[in-house]
Amino acid sequence: MTGIGGGEVGARTARSRALAVLRVRSRALAVALLPAALAVILFVGGSTGHLPGRGWDLARWAVAAVAVVVLLLAVGVGLVVARARPAVSPTVPIPEESAPDLYRLVRDLAARLEVPAPSAIALTPDCDSWLEDRTHPSHGPVPGKDRSGEPKAPRRAVSLRARRTVQAPVLVIGSPFLWWMRVGELRAVLAPVVAGTGPSVQPDIAAARRFVRGLDAAVAVASAPGRRLPLRAVYAGLGWVVRLLLRGCREHAAGMERAVAAAAAERAQVVDYGLRIVAQEQVGLAYAGWDRLLTRVALPAWRMGRWPSRLDAGVVAALTELSRRDRLAEGFTSRLGERPACDLLEEPGSVDEAASLLAARLFHGGPAERGPDWSPVDWREYPDEVVDRKWRTDAARLQRVLDALGIRRASGSAAEAHGPTLARILEHLSAPSSGASGSSGASGPGGSPAGTPGSAPSDPSRAKTPGAETSGAETSGAETSGAETSGAETSGAEDGLVAPVAPDEDTGPCTERGAALVAGLSAELAREERAAPATRTGPLSAAPAWDEGALPLFPLEPPRTGRELLVDHVTAMVCCAAMDTAGATPGLDWLDGPALLINGEKAADLAPRVLALVENGDPGPLRTWLIDSGIRLEKPIRLA
């Protein structure tokens, strides 16, 4: 059976909805032909002598003129709808010669379901699978030679043949599924998706889908910016007509897709139904591991200009680590002895690399090709190439902000003469003692808490609030830096160059000194982003199937609060001090990202101590942890 079974309720419903969509197209065509039909009637009536007189003559020519205009407009709208390029999901194509076992599995599955096999297979760096129609002429093969060495037909010939025979859609598979799932689980998960090829090749449903996709693509064409006024008015009218048609068929199109999904699910029940229930659990687990890997592990590398080249293999490591930690997931490790679905690929490493590069492009907006500022990184090199560099870059940025705000060196300036120390930021963020006066309680940048060695509470130049003027030559420098800070911060937020700092319900707990550092760090990040805007774009080997200006299509970076920004930078200073003074090493936690390893063990109790310093100005817990870990506050550290 290559079409829709007549006994399936969902299939019958889908076809009836598709006919409703096509009726909208027919009505639009009838409306466009109505003036022409009326003009024909008037001219026939005049030629037969039934409508004589000057009035009828004027009416004939007026209606004929209107009919010509309406027909020209209808032809223009039809050409735009027919020629507009429908959106195509960014994927990694998988030729049959590079995955013969995978194609064989899909074809066997289609044969069991009695539906046509998908025309091709592609991978997407996401935890989802679907069918995608790529029969539009713009998606057809480029003239050249096919696998047999014969010249390929040009796109026009391909489109003419496609009108006579409906081509099966392309099967898009989430790349994390191939690496985490076993072969049987992948077959069970793909069964409902492959079953959808039956409705897809039904002529009425295929025509309705082509019509809706054409309207959607025409809306994008009409909304494109950069046109001059006359063309802008023409395309505005085009957009109005197309949106009117979309509104007319939206409900029927949605009902058609729901009915198609129901019919596919009903048909897929005959294939591995019990295994599919178990496989759905793996889908949820793979999604959780993929999301954690992208946000905690891949994103820091992308920000450093490096992209992990084995993201899908990293999903397996992350979920294996989750299985080790979570007693509820103990049963998942036994699955690892079975054959993974990635064995269906001839070269899984190269496919993983291509999918990883595409993931960096979609989720971060990185270049399409590797380069000197956009190079791959292996998981073994990740701690040294990404984690170490990230911490030292953040620590250097924090030191620049302290210098710009006029924060004086920490006590023990002899050590500071050889390099920055952790004591400087620790003393600056420490809250003054309760015995200090009100003015010293708001001591300015560089002020030390009362009672700490080297503090000078009697110095009036150090009794100002953050951002206020300082004595002597520091006054103009601090004020200038503050002006640059607010200006750069505003400009960066307006230009969308950096993730905005969220409103201050989360930055409120920061101390007054911490708020000044947050403003300086936000401005410094904005300046860095403006200085290197080209890192988000790159040359393309071919015309993209999506809007380049919309990259990243799925940004992962949420707005960071000011408190989170400051905590990240202070943590980076602590980690740099631990590596340089206590022999700690950078590490990679598959679920949490960069990790500090002290004596080979992850320092899991650092975050709450840094948070106490940032929020409350309480250095006690952090000082105790530093002493217990053998980290020297007064020793200079190496920055990026």
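Description of the structure in this document. (Residues numbered from 1 in each chain as written. Predicted model: local features only at pLDDT ≥ 70, side-chain atom pairs only at ≥ 80, totals over all residues. Heavy atoms only, no water.)

## Observations regarding the packing of aromatic side chains
Then, in step 1: Applying the stated rule across the entire model yields three aromatic pairs.
Then, in step 2: Summarising the aromatic geometry, the rings of phenylalanine 43 and tryptophan 61 are spaced 5.2 Å apart at their centres and angled 85° between planes, so their arrangement reads as edge-to-face. Of this pair, phenylalanine 43 sits in helix α1 (residues 9–47) while tryptophan 61 sits in helix α2 (residues 54–83); the two residues are 18 residues apart in sequence, bridging distant segments of the chain.
Then, in step 3: Judged by its relative accessible area of 59%, tryptophan 61 falls in the exposed class.
Then, in step 4: Between tryptophan 379 and tyrosine 382, the ring centres sit 5.8 Å apart and the planes meet at 50°, which makes this aromatic pair tilted.
Then, in step 5: The buried category is assigned to tyrosine 382, whose relative accessible area is 0%. (Phe/Tyr/Trp six-rings, centres within 6.5 Å; stacked < 30°, edge-to-face > 60°. Helix = DSSP H or I, 4+ residues; strand = E, 2+ residues; numbered from the N terminus. Buried < 20%, exposed > 50% of the residue type's maximum accessible area, 1.4 Å probe, protein only.)

## Some points on helix α18 (residues 512–531)
Then, in step 1: Compared with an ideal rise of 1.5 Å per residue, which puts 20 residues at 28 Å, α18 spans 29 Å between its outermost C-alpha atoms and is within 8% of the ideal.
Then, in step 2: Among all positions of α18, only Arg513, Gly514, Ala516, Leu517, Val518, Gly520, Leu521, Ser522, Ala523, Glu524, Leu525 and Ala526 are buried. (Expected span 1.5 Å × (residues − 1).)

## Regarding the state of the cysteines
Then, in step 1: If you walk through the whole model with that rule in mind, you get zero disulfides.
Then, in step 2: Counting only cysteine sulfurs, cysteine 575 is the nearest neighbor of cysteine 576, a cysteine outside any disulfide, at a range of 7.1 Å.
Then, in step 3: Relative accessible area serves as the criterion here: at 0%, cysteine 576 is assigned to the buried category. (Disulfide = S-S within 2.5 Å.)

## Quick notes on the sheet that holds strand β1 (residues 92–94)
Then, in step 1: Sheet architecture is open: four strands sit in the order β1-β2-β4-β3, paired in mixed fashion. Looking at strand neighbours, the two that pair on one side only are β1 and β3 (130–132), the edges of this open sheet. Neighbouring strand axes in the sheet, compared pairwise and without regard to direction, differ in orientation by 35° on average.
Then, in step 2: Alignment of β1 against strand β2 (residues 120–124), held across three bridges, turns out to be antiparallel. Within β2, the position partnered with proline 93 by the bridge is alanine 122. (Pairing = 2+ DSSP bridges. Axes fitted to C-alpha atoms, helices over the stretch in contact; angles between N-to-C directions.)

## Looking at the sheet that holds strand β9 (residues 601–602)
Pairing between the strands of a sheet comes from backbone hydrogen bonds, and it takes one of two forms, parallel or antiparallel.
Then, in step 1: Here we have three strands laid out as an open sheet, ordered β7-β8-β9, and antiparallel in their pairing. Because the sheet does not close on itself, it has two edges, and the strands there are β7 (585–589) and β9.
Then, in step 2: Relative to β7, helix α13 (residues 382–404) is tilted by about 110°, and along the sheet it contacts β7 and β8 (593–598). (Contact = heavy atoms within 4.5 Å.)

## So, the environment of proline 586
Then, in step 1: Locating proline 586 in the fold gives a position in strand β7.
Then, in step 2: Under the relative-accessibility criterion, proline 586 is labelled buried at 15%.
Then, in step 3: Contact partners of proline 586, with chain neighbours within four places excluded, come to Pro383, Asp384, Val387, Asp388, Trp391, Met579, Ala595 and Leu597.

## Remarks on the pairing of β7
Then, in step 1: Pairing geometry for β7 and β8, over five bridges, is antiparallel. When the bridges of β8 are listed, leucine 588 appears paired with proline 594.
Then, in step 2: Two successive antiparallel strands, β7 and β8, enclose a turn made up of three residues.

## Points about the pattern of salt bridges
Then, in step 1: Using the criterion set out here, one finds 28 salt bridges in the structure.
Then, in step 2: Residue arginine 397 is joined to glutamate 528 by a salt bridge in which the shortest nitrogen-to-oxygen separation is 2.9 Å. You can see arginine 397 sitting in helix α13 and its partner glutamate 528 sitting in helix α18, a full 131 residues away along the chain.
Then, in step 3: A residue is classified by how much of its surface remains accessible, and glutamate 528, at 28% relative accessible area, is partly exposed.
Then, in step 4: Glutamate 615 serves as the salt-bridge partner of arginine 563, at 2.4 Å between the closest nitrogen and oxygen. (Salt bridge = Lys/Arg side-chain N within 4 Å of Asp/Glu carboxyl O.)

## Remarks on unusual backbone geometry
Then, in step 1: Positioned with a positive phi, glutamate 114 is a non-glycine residue whose angle comes to about 60°.
Then, in step 2: Along the polypeptide, glutamate 114 turns up in the loop between α3 (100–113) and β2.
Then, in step 3: Residues other than glycine seldom take positive phi values, yet asparagine 599 does so here, at roughly 55°.
Then, in step 4: Considering the arrangement of structural elements, one finds asparagine 599 in the loop between β8 and β9.

## Remarks on the nonpolar core
A general trend in soluble globular proteins is that nonpolar side chains are found buried together.
Then, in step 1: Grouped together as the largest cluster of nonpolar side chains are 112 residues, with contacts concentrated most on Trp302, Leu596 and Trp625.
Then, in step 2: Filtering out sequence-adjacent residues up to four positions away, tryptophan 302 remains in contact with Leu294, Trp307, Pro308, Leu311, Ala359, Ala360, Phe363, His364, Trp374 and Leu556.
Then, in step 3: Counting 24 residues, the second-largest nonpolar core is a separate cluster that includes Val77, Val242, Leu245 and Val260. (Core = buried A, V, L, I, M, F, W, Y, C linked by side-chain atoms within 4.5 Å.)

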